[in-house]
Every structure is written in C-alpha cells, then in structure tokens.
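Listed here are the chains, written in short residue letters.
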Amino acid sequence: MDFLDLPQLSSAGGSVRLPGSKSISNRVLLLAALSDGVTDVRDLLASDDTERMLDALKALGLGVAHLGGENWRITGGGGQFPVKQAELFLGNAGTAFRPLTAALALAGGDYTLKGVARMHERPIGDLVDGLRQLGADITYLGNEGYPPLHLMPATIQPGGVVQVRGDVSSQFLTGLLMALPLTGETVVVEVVGELISKPYIEITLATMARFGVIVERDGWQRFTIMAGSRYVSPGTIYVEGDASSASYFLALGAIGGGPVRVEGVGQDSIQGDVKFAEALAKMGAHIEMGPNWMEARAPEGGLVAVDLDCNHIPDAAMTLATAALFAKGTTTLRNIASWRVKETDRIAAMAIELRKLGAEVEEGADYIRVTPAALHPAAIDTYDDHRMAMCFSLAAFGTPLRINDPKCVAKTFPDYFERFAAVTKAAPVIAIDGPSASGKGTVAGRVAQALGYAYLDSGALYRLTALAAKQAGVDWADESSVAKLAAVLDVEFSGNDIRLNGTLVGDAIRTEEMSAGASKVAALPAVREALLFRQRAFNTLPGLVGDGRDMGSVIFPKAPLKVFLTASAEARAERRYKQLIEKGFSANLPDLLADLQQRDARDSQRSVAPLRQEADARLLDTTHLTIEQAVNQVLAWSREVSL
C-alpha cells in the first residue's frame with residue numbers, strides 16, 4: 001500500500017490557489033452538455049470525478065475538447081445525447097453518477113451505469129423513485145435501491161408532481177432539478193422531510209440560472225420547473241475555487257499560527273462551504289475575507305470547542321472534526337447523517353481514525369463528539385476517501401503520522417500534499433550517517449543536546465530487534481519472524497536508558513554479538529520496512545538528530561542537513577577497542593579491524609538501503625578530529641541551513 005509519512009508540524013503560513021469546485025465543475029459540465037450552443041468552461045477541476053464526467057459525455061457523443069490547462073469546450077446537444085446506447089463506468093463519482101442517472105433516464109436511450117464497489121453501496125433508491133414517478137424506466141442490476149442501473153426510454157407523464165426524500169442526499173434533488181427541463185413539461189418537486197445539505201441545492205439553482213433555467217421555489221419544500229424551460233449556453237463560464245478544499249488550509253492557519261490565505265473563493269461565492277470560515281471563527285480563529293479570498297490566523301489563546309449544527313457545511317464539517325483535536329473542550333458536530341452515505345461511512349471512519357491518535361470520540365446516527373487528548377503517532381486509513389486523507393493531515397500539528405493511500409486525494413485535489421507542504425513547516429531533522437564506530441552516535445547525541453533536540457539512535461532499534469529475536473529463539477535470518485517482532489517492539493528510550501519489555505538493556509545491545517546481529521537483521525527488507533515509520537515518528541518538535549546508515553537516504557530524505565560522518569577503518573577499530581576495554585570487555589584489535597571491514601562491505605552492498613553518502617550530504621572525516629571538533633562542525637552547518 002502507498003503511504004505518506006508526515007513529520008510533526010511547527011507552523012503554517014502562506015497562500016494557496018484553490019483548484020476548481022468539484023460540485024460546480026460537474027454541474028457545469030452536465031448543463032453545458034444539455035445546452036444549446038458551445039460553452040467554454042474555465043478553471044475546471046482536474047480530478048477523478050471530472051474525468052468520469054468528461055469520459056461519459058464523450059461516450060454519449062457530445063463534443064468535448066481540451067483547450068489546455070483547466071479549460072474545456074463542450075458542444076451541447078440541446079437536451080439530446082447523440083449516442084442512444086452505452087455502458088458508462090463512473091467510478092466513485094457521486095457528482096457524476098446521480099445527475100447523469102436523472103438526465104439519461106429522461107433523455108431517451110438504453111444506458112447502463114456502473115461504478116466501483118463503494119458506489120454500488122451508496123443508495124440511489126430515492127432518486128430512482130422520483131424518476132419513476134415521471135415515467136422513467138429504471139432497473140436495478142444488483143441490490144434494490146443501489147447501482148448499477150439499467151435505463152430505458154421514459155414515458156413522460158404530463159403535469160407531474162414528484163416527491164423525493166430530502167434527508168439522505170441533496171444529490172438526489174440536484175439530479176432531478178437539473179434533468180427536469182428535458183421533459184418539456186411543468187413539473188413540481190416536493191421534498192419529503194427535512195432537506196439536508198441545502199447549500200448544495202443553492203449551487204444547483206445558481207448554476208441552472210447561469211444556463212437560462214430559473215427554478216421557482218417555495219422555501220425548501222417545493223420546487224417548480226416551468227414547461228418550455230431549456231438550457232442555453234452562457235458562452236464562457238468560470239468555475240469557482242473549491243470551498244470545501246479551502247477548509248483544510250483555513251484550518252492550517254487557525255492551528256499553525258498563520259496567516260494562511262486561500263485564493264479563488266471568498267465572500268461572493270455561491271458555495272455554502274464558505275461558511276466553514278464562520279464555524280472556524282466560532283472556535284476562536286481570526287478570519288478575514290474578500291470577494292475572492294479568505295484568510296485565517298490562530299487565536300492567541302488557542303482554539304475552543306464548539307457545539308454546531310453542520311447541515312449547512314456537510315463536507316467542510318469533516319475538517320472541524322480534526323481541528324477539534326487542537327481545541328479546548330469537547331466539540332460536537334450535529335446533523336451530519338449524510339456523512340454515512342458518502343465515499344465511505346464518514347462518521348464511523350472518522351471515529352476509528354481519531355481514536356487511533358488518542359482522542360475520545362462518541363458517535364451517533366447523525367453526530368460525532370470529539371474530546372482531544374495527547375496525540376500519539378498512528379497510521380491513518382483513508383477508505384478511498386479524499387476528504388479523510390486531507391482532514392487528517394491537520395493532525396500532524398500534534399504528532400507525526402502516516403497517511404495510507406494518499407493518492408485518493410486525486411478525486412478533488414491531486415496535488416494537495418504538495419500544496420500542504422508549501423505552507424507548512426516541519427520539525428527539523430539533522431540526519432547523520434556513517435559506518436560502524438565512526439563516532440556518529442557520540443556526535444549526534446551531543447549535537448542533539450546542544451540544540452535541545454531529541455536523539456534517535458537508529459542502530460539501537462536494530463540491536464533491540466536482534467536482542468528480541470534472540471530472546472524469542474528466532475533465527476536472525478528468518479525475515480518474516482524477525483519483522484513481526486520489529487513491528488511490535490516494546491521499547492522505551494529515556495535519557496541514556498534503553499528498555500526492552502520494561503528491562504534495561506543498554507549494555508546488552510552493545511555487545512559484539514548484538515552488533516553482528518543488528519547488521520544481519522538490518523539487511524532484511526521486511527525488517528527495515530517494519531521499523532521505517534517507527535523511526536520517522538521520532539521527528540517531533542523542537543527537532544531531531546538521527547544517526548544510522550540510511551537516515552538521509554531513506555528515513556529522512558528531505559532532512560535540511562545531512563552529514564556523512566566517517567573515519568578510516570584503522571581509526572574506527574582503535575576507538576572500538578578502547579570503548580570495549582574501558583567497559584571491562586576483552587578485545588582483540590586485529591579481529592575488530594577485520595570485523596569492521598566485513599561490516600562495511602555488508603552494509604554498503606546490501607540490496608535495501610545500502611550505506612552510502614547521499615549527493616546532498618556533507619562529508620565529515622573524523623579520522624584526525626576530536627569529538628568536540630566534529631560536534632562544532634555539525635553545529636556550524638546547522639546554523640548555515642537555518643533549522
């Protein structure tokens with residue numbers, strides 16, 4: 001599985017230009033396809049969801065031309081789809097599947113609509129029921145009430161009144177409203193129950209109006225499309241920046257100091273999720289806003305918890321759940337039942353992953369309650385849900401963490417993590433690599449002490465793994481068994497003390513036997529993988545100095561300062577000899593020299609993470625240097641790179 005490891009963050013600041021809104025993008029594409037005329041769509045979101053819609057429109061015979069960048073030209077069919085028989089795969093794109101279902105059901109043709117497995121678990125029965133009231137011919141190909149679907153030409157009933165539930169997904173009402181002009185009749189839609197996600201209906205109505213169709217409405221319960229309504233191209237239409245995506249960067253500013261500014265959406269937006277800024281302000285954040293931008297800064301006293309009805313910001317509310325990790329008190333987010341029928345059951349998923357980090361979480365049918373606690377490193381599962389990945393990136397302000405399947409952000413924000421990195425600052429790392437007995441451990445420890453940073457002796461983790469394997473009777477060559485032990489090592493580092501399973505083992509892991517064992521288990525790919533995140537989890541504030549053999553190449557490849565510390569084999573053998581004699585161990589200098597030379601060869605020739613000097617690492621040969629001289633040189637370099 002792909003993953004992205006995030007260090008603990010220290011601050012956030014800067015500006016981000018947002019990608020286009022997913023909700024607006026797919027609405028605009030479909031209405032442009034249904035219009036008379038040619039529409040140039042500017043600033044369209046480049047994502048999986050829009051790709052599914054564009055692919056579908058092409059398959060249906062409509063003119064789709066890429067103008068370069070985020071700009072497309074759609075030649076409308078005037079309410080007709082030239083291709084009358086097609087099978088469409090729409091992935092997990094609800095903003096494509098639901099509206100296309102409605103439009104194709106009323107357009108007249110033989111169509112099959114399918115998606116990924118999760119899409120086939122997302123309910124669509126209420127939309128199908130509404131369409132059948134108009135005379136649509138729709139058959140479920142799997143479970144009743146769920147995709148995939150088979151659509152045949154409809155027999156439109158004149159003077160129709162359609163009832164649709166409003167408490168499951170606003171996309172059902174959106175799909176109906178956008179498709180109804182295709183009937184040529186006056187149709188009234190009555191919403192049964194409370195309409196959730198009202199801001200998304202506002203987007204639908206505003207976008208339809210841009211294409212010449214005005215929907216008459218009586219509050220949120222009754223909507224009327226008049227006979228003769230038809231879509232007409234506005235010529236050129238611009239897609240706003242995505243307000244839901246803005247929430248992550250506004251939250252970064254509110255948590256990490258800021259200011260962080262998002263450009264492309266602001267107070268003039270037609271998207272309801274701009275009101276996320278108001279929710280963040282209730283938590284204490286300082287918010288400023290212009291026509292096409294928003295900006296957030298952290299309050300001096302820190303964020304405070306809120307109890308909030310989130311019906312008006314259903315997607316952006318997810319960001320509040322992770323922002324709650326940094327607020328004083330318990331945050332309650334209510335009226336979020338729609339989370340359960342999204343890309344995943346977001347209430348359940350959010351609760352599971354927040355608990356992994358250490359938070360106390362209570363969940364209900366339509367609410368979630370989050371009480372923060374001291375956060376600890378965790379691997380966050382994302383459930384093929386772009387918003388889970390982006391929301392949990394905020395938790396890096398409290399702890400290093402791993403985001404599994406980070407590429408799922410491609411659904412709405414393909415370069416999210418690059419933009420994220422551009423406006424955040426991570427806890428700094430000094431990576432010191434080198435061969436055995438080169439003095440890197442001593443130098444790294446003293447540099448860490450001088451800077452007030454944490455110290456990671458990565459070699460100790462491999463020595464501990466070798467010791468744990470010996471204690472368990474596991475052969476060091478048994479890769480899978482050793483890796484399993486490495487993954488669950490009960491290790492505690494405290495000052496100069498190292499404990500394994502609660503027992504002091506500092507001296508036990510420094511024997512020649514454990515040195516040899518560490519070198520052997522370190523050559524096993526599965527063991528190195530098992531210890532990868534464990535080592536990266538040391539990257540906390542105020543900073544870290546790590547020593548080993550692959551600190552700069554594998555563990556911390558983006559470290560601002562990398563040092564390759566070495567010395568001649570003879571000098572290293574003499575140092576090792578003196579260490580052993582001082583500790584009361586017997587030692588033989590020629591044997592130590594031969595052993596070091598063998599270990600150098602083994603470490604540099606292993607297939608995984610071999611010992612080598614990285615191109616961007618600074619070479620420090622300590623053959624003729626004292627420890628103090630070596631430490632001072634590393635400290636001088638650290639000042640040069642402005643950690």
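About the thresholds
- Residues numbered from 1 in each chain as written.
- Predicted model: local features only at pLDDT ≥ 70, side-chain atom pairs only at ≥ 80, totals over all residues.
- Heavy atoms only, no water.
- 1 Å grid on protein atoms, 1.4 Å probe; cavity = no way out; pocket = protein on both sides within 12 Å on 5 of 7 lines; lining within 4 Å.
- Points joined across faces, edges and corners; volume = space filled by probe spheres on them.
- Helix = DSSP H or I, 4+ residues; strand = E, 2+ residues; numbered from the N terminus.
- Nonpolar A, V, L, I, M, F, W, Y, C, P; charged D, E, K, R; others polar.
- Pairing = 2+ DSSP bridges.
- Axes fitted to C-alpha atoms, helices over the stretch in contact; angles between N-to-C directions.
- Contact = heavy atoms within 4.5 Å.
- UniProt positions renumbered as here; feature names shortened; annotations may be inferred.
- Polar contact = N/O pair within 3.5 Å; in protein donor to acceptor, adjacent residues only side chain to side chain.
- Expected span 1.5 Å × (residues − 1).
- Buried < 20%, exposed > 50% of the residue type's maximum accessible area, 1.4 Å probe, protein only.
- Parallel < 35°, antiparallel > 145°, perpendicular 65-115°, else oblique.
- Left-handed = near helix turned anticlockwise from the far one by under 90°.

Brief notes about the layout of surface pockets
1) Next: Size it by volume and the second largest pocket reaches roughly 920 Å³.
2) Next: Along the walls of the second largest pocket sit 37 residues, with L4, D5, L6, P7 and K558 positioned nearest its centre.
3) Next: Residue assignment for the lining of the second largest pocket shows that the elements contributing at least two residues are strand 1 (3–6), helix 12 (416–422), strand 26 (424–426) and helix 17 (525–536).
4) Next: Looking at the lining of the second largest pocket, the element that brings in the most residues is helix 12, giving five residues.
5) Next: Taken together, the residues of the lining of the second largest pocket break down into 26 nonpolar, three polar and eight charged.

Details of the sheet that holds strand 4 (residues 63–68)
1) Next: One open sheet holds the four strands; their spatial order is 4-5-3-14, and the pairing between them is mixed. Looking at which strands have only one partner, the edges of the open sheet turn out to be strand 4 and strand 14 (236–238). Going from strand to strand, the sheet's axes swing by 20° on average, the running direction of each strand aside.
2) Next: The sheet contact formed by strand 3 (residues 38–42) and strand 5 (residues 71–75) spans four bridges and is antiparallel. Across the sheet, D40 pairs through a bridge with R73, a residue of strand 5.
3) Next: Contacts from helix 1 (residues 22–34) reach strand 3, strand 5 and strand 14, with the element oriented near 30° to strand 5.

Points about the UniProt feature "binding site: 3-phosphoshikimate" (unreviewed entry) in the protein
1) Next: Per the UniProt record, "binding site: 3-phosphoshikimate" (unreviewed entry) is found at K22, S23, R27, S169, S170, Q171, S197, D315 and K342. Cross-referencing the annotated residues with the largest cavity identifies K22, S23, R27, S169, S170, Q171, S197, D315 and K342 as lining it.
2) Next: Inspection of the secondary structure assignment puts S169 in the loop between strand 10 (161–165) and helix 5 (170–179).
3) Next: With residues near it in sequence (within four places) discarded, S169 still touches R98 and I196.
4) Next: At 3.2 Å, the side chain of S169 forms a polar contact with the backbone nitrogen of Q171.
5) Next: Residue placement: Q171 occurs in helix 5.
6) Next: A distance of 2.4 Å separates a polar atom in the side chain of Q171 from a polar atom in the side chain of R98.

Here we look at helix 17
1) Next: The terminal C-alpha atoms of helix 17, which comprises 12 residues, lie 17 Å apart, in line with the 16 Å expected from a rise of 1.5 Å per residue.
2) Next: Taken as a whole, helix 17 has its buried residues at V527, R528, L531, L532, F533, Q535 and R536.

Regarding the packing of helix 13 (residues 440–451) against helix 21 (residues 627–640)
1) Next: Where helix 13 contacts helix 21, the two axes come as close as 9 Å, and the packing angle between them is 55°. The angle between helix 13 and helix 21 places the two elements in the oblique class. Here the hand of the crossing between helix 13 and helix 21 comes out right-handed. The residues of helix 21 that touch helix 13, namely those facing T442, V443, R446, V447, A450 and L451, are I627, E628, A630, V631, V634, L635 and S638.
2) Next: Grouping the constituent residues of the contact of helix 13 with helix 21 by class yields nine nonpolar, two polar and two charged.

Thoughts on the side chain of T224
1) Next: Residue position: T224 is located in strand 13 (residues 222–225).
2) Next: Excluding residues within four positions of it along the chain, T224 makes contact with T186, V187, V188, I214, V215 and E216.

With respect to empty space enclosed by the protein
1) Next: Following the criterion strictly, the structure yields four cavities of 30 Å³ or more and no others.
2) Next: Considering only enclosed or pocket space, the largest cavity measures out at about 170 Å³ in volume.
3) Next: What lines the largest cavity is a set of 19 residues, among which K22, T95, Q171, D315 and K342 lie closest to the centre.
4) Next: Among the elements that line the lining of the largest cavity, the one with the most residues is helix 1, at three residues.
5) Next: Volume-wise, the second largest cavity comes out at about 50 Å³.

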